Amino acid sequence: MRIGEVAAEAGVSTRVLRYYEQQQLLTSTRTPAGHREYGSAAVERVQLIQLFYEAGLSSRAIRALLPSVEAGEATPEVLQLLAAERQRMEQRIAGLLTTRNRLEDVIEAAVDPHHDCVQRARTR
């Protein structure tokens, strides 16, 4: 399949496919004219990569996961990697919740300059 066909069937741009190749997540061969050719499993692989990105995984993590996923087995290393990614995500969520709470204080202070959050900030 040519790059445009894979992109259309997978619902991504050709630029995304080139990026996946650059990140060593997807491979292609070249025709004598220099056009990219992909195997029959390329669309499914691209959709899998998309799913991993949507789950918040990095290219590095995806590259490490793909062989196990394609083999249909979760090795201890893969499970450890996924647990570490989940922990990283939980830390990001906790940070965002803290930031949101501070923003709530700022909103309350903007509405009522005498609100207790303003008083707390002055005593710090």
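Below: a short report on this structure.

Scoring rules and cut-offs
Residues numbered from 1 in each chain as written. Predicted model: local features only at pLDDT ≥ 70, side-chain atom pairs only at ≥ 80, totals over all residues. Heavy atoms only, no water. Helix = DSSP H or I, 4+ residues; strand = E, 2+ residues; numbered from the N terminus. Expected span 1.5 Å × (residues − 1). Contact = heavy atoms within 4.5 Å. Salt bridge = Lys/Arg side-chain N within 4 Å of Asp/Glu carboxyl O. Buried < 20%, exposed > 50% of the residue type's maximum accessible area, 1.4 Å probe, protein only.

### Some remarks on helix 3 (residues 42–54)
Then, in step 1: When the terminal C-alpha atoms of helix 3 are compared, their 18 Å separation across 13 residues agrees well with the 18 Å that a helix rising 1.5 Å per residue should span.
Then, in step 2: Those residues of helix 3 hidden inside the fold are in contact with helix 1 (3–10), helix 2 (14–22) and helix 4 (59–71).
Then, in step 3: Backbone geometry just after helix 3 places G56 at a positive phi near 90°.

### Digging into the pattern of salt bridges
Then, in step 1: Evaluated as defined, the whole model comprises four salt bridges.
Then, in step 2: Among the ionic pairs, R36 bridges to E21, the shortest N-O distance being 2.9 Å. Linking R36 in strand 2 (residues 36–37) with E21 in helix 2, this pair joins segments that are 15 residues apart in sequence.
Then, in step 3: Classification of E21 by relative accessible area gives buried; the value is 18%.
Then, in step 4: Between E85 and R88 there is a salt bridge whose closest N-O contact spans 2.6 Å. With E85 and R88 both in helix 5 (residues 76–111), this residue pair falls three residues apart, about one helical turn.
Then, in step 5: Look at E85 and you get buried, because its relative accessible area is 7%.

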